[in-house]
Amino acid sequence: MIANERDIRHTGAIEGARRMMTAARTAPKGKGLDIVEIALIDGDDKERVAVVMEELAEEKGMKFFLRDAANLRQAECAVIIGTHSAPLGLDCGHCGYPKCAVKPDGVPCAINSVDVGIALGSACATAADLRLDTRVMFSAGLAAERLDLLPGCRQVYAILVSASSKNPFFDRKSPQPQS
């Protein structure tokens, strides 16, 4: 049997993304409380996220969302990581409020934010070990959050994954104004 890499590239990227998800899951969490959610998006769901990114570009006036949507379409898949909101009762003040009890709803717990960041770092380190190209995007994460792909989660980020001969996330072109 001969298996040409071009024919199995997508499967390899998906397998790598699954390993990235495991790395994110096993990353340390504040007080050992596991409130991080992780999923892989591909195919039609990846396109749904790209479409919402284009809508957000218009809504927010952030044209780089268009470039990022194009990058998502180039990616083999994406891993999305977010957190449920769960103040840990540490009264640490890192969120800007002296006590968890006075923190307004909607203001994220800083420790929850750190948990997402550590999970992202662990996933990206695994991708690097596997020689996959990645790009962390808050824009794709915001679109995934709007679609509620990680139900009940906030602070969602996406890690785009590529296994091509040239990293599509490196020399990125800004969107050109349409005439």
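Whatever comes next refers back to the structure up there.
Criteria and thresholds
- Residues numbered from 1 in each chain as written.
- Predicted model: local features only at pLDDT ≥ 70, side-chain atom pairs only at ≥ 80, totals over all residues.
- Heavy atoms only, no water.
- Salt bridge = Lys/Arg side-chain N within 4 Å of Asp/Glu carboxyl O.
- Helix = DSSP H or I, 4+ residues; strand = E, 2+ residues; numbered from the N terminus.
- Buried < 20%, exposed > 50% of the residue type's maximum accessible area, 1.4 Å probe, protein only.
- Pairing = 2+ DSSP bridges.

A. Just the pattern of salt bridges, in detail. Scanning the model with the defined rule gives seven salt bridges in all. A salt bridge links Arg48 to Asp45, with the nearest nitrogen and oxygen atoms 2.7 Å apart. Residue Arg48 and its partner Asp45 are located together in helix 2 (residues 43-60), separated by three residues, close to a single helical turn. The class of Arg48 is partly exposed, set by a relative accessible area of 39%. Assessed through its relative accessible area of 33%, Asp45 is described here as partly exposed. In this structure, the salt-bridge partner of Arg73 is Glu54, at a minimum N-O distance of 2.6 Å. Placement of the pair is Arg73 in helix 3 (residues 64-74) and Glu54 in helix 2, with a sequence separation of 19 residues. Within the structure, one salt-bridge network assembled from shared partners comprises Glu47, Glu54 and Arg73.

B. Inspection of the pairing of strand 2 (residues 77-83) at higher detail. The buried count for strand 2 comes to seven of seven residues, which makes it a mostly enclosed element. Residues Cys77, Val79, Ile81 and Thr83 line one face of strand 2 and the alternating positions Ala78, Ile80 and Gly82 line the opposite face, and both faces are buried. One ladder, built from six bridges, connects strand 1 (residues 36-41) with strand 2; its direction is antiparallel. Looking across to strand 2, one finds that Ala39 is bridged to Ile80. Where strand 2 meets strand 4 (residues 154-162), six bridges bridge the pair, whose relative direction is antiparallel.

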